[in-house]
Amino acid sequence: MDQIIESFGQTTLAPSLDLFLRCLLLHGSCYDVGLNEALTEQSSGRTVTVPTDEEDQGFMRVALEEAARASAIGEVPIAAVVVREGKILAQAHNYRELWQDPTAHAEIIAIRAAATALSTWRLTETTLYVTVEPCTMCLGAIILARIPRVVFGAKDPKAGACGSVFDFTSEPKLNHRVEVLSGVLEQESQSLIRTFFRGLREASEITKQLPPQ
């Protein structure tokens, strides 16, 4: 199998084998692969140190500071920070409007940067902090990256995938579970969002009152 994988992209493969290898290489979500990874994670003997409440709040404040930078450029103030062994691997805020990219959520950008920093897509032993509850797309990326723990501030009643609208964090059909801690600096996160959208509404009202040119 290793030889086949190494030659992938250079050899013409049967459609079924090609599909399997793409699943294996791109997602790692085929049943056998997921089972093997789950067993490896359980039997690795590594001890994952869970941050204290004070550490969780400290890293969430970093995320809030990053989110505030988003407001300054017209982005919805949501930010994410990926931490491993007490060190920040990556942090990012939304860039959806600036890049005109529907996938440019803070979590996706931070996960990609963290994977680059570690030279691996497996972000085990990490915690992802995000100011607002992840959506289904971002939670999917969290699961695929094997991130074991997510801490978020404010709930998202319209798109949240950690319990508000959907909850895939402990879906038994998936090969990875995510521990979730919600409500960390929730009021601060909500305040950022409310202030941002209040500003948009006020700007819109001012524009309406301007004489036509």
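*Asks:* What exactly am I supposed to notice about unusual backbone geometry here?
*Replies:* What is expected of a backbone is that most residues other than glycine have negative phi and most peptide bonds are trans. Positive phi is not limited to glycine here, since Glu 85 has a value of about 50°. Accessibility expressed as a relative area gives 62% for Glu 85, which makes it exposed. In this model, Ser 119 sits at a positive phi of 60°, which is unusual for a non-glycine residue. Take Ser 119: its relative accessible area is 68%, and that puts it in the exposed class.

*Asks:* How should the environment of Gly 140 be read in this particular structure?
*Replies:* Mapped onto the fold, Gly 140 is located in helix α7 (residues 136-144). Residue classification places Gly 140 among the partly exposed positions, given a relative accessible area of 26%. In this structure the C-alpha to C-alpha distance between Gly 140 and Phe 168, which are 28 residues apart in sequence, comes to 8.4 Å.

*Asks:* Explanation requested: α7 in the structure shown.
*Replies:* An α-helical segment advances 3.6 residues per turn. Residues three or four places apart therefore align on the same side. Taken as a whole, α7 has its buried residues at Cys 138, Leu 139, Ala 141, Ile 142 and Ile 143. Buried residues belonging to α7 abut α6 (106-118), β3 (126-132) and β4 (149-154). At the exit of α7 stands Arg 146, carrying a positive phi of roughly 60°.

*Asks:* Looking at this model, I keep getting lost on the layout of surface pockets. Mind explaining?
*Replies:* Where empty space is left can be seen by rolling a probe of water-molecule size over the atoms. Each pocket or cavity is described by its volume, and for the second largest pocket that value is around 530 Å³. Surrounding the second largest pocket, 21 residues form its lining, Val 76, Ile 78, Val 132, Asp 156 and Ile 193 being those nearest its centre. Broken down by element, the residue count for the lining of the second largest pocket peaks at four residues, all from helix α8 (residues 186-209).

The rules behind each value
Residues numbered from 1 in each chain as written. Predicted model: local features only at pLDDT ≥ 70, side-chain atom pairs only at ≥ 80, totals over all residues. Heavy atoms only, no water. Buried < 20%, exposed > 50% of the residue type's maximum accessible area, 1.4 Å probe, protein only. Helix = DSSP H or I, 4+ residues; strand = E, 2+ residues; numbered from the N terminus. Contact = heavy atoms within 4.5 Å. 1 Å grid on protein atoms, 1.4 Å probe; cavity = no way out; pocket = protein on both sides within 12 Å on 5 of 7 lines; lining within 4 Å. Points joined across faces, edges and corners; volume = space filled by probe spheres on them.

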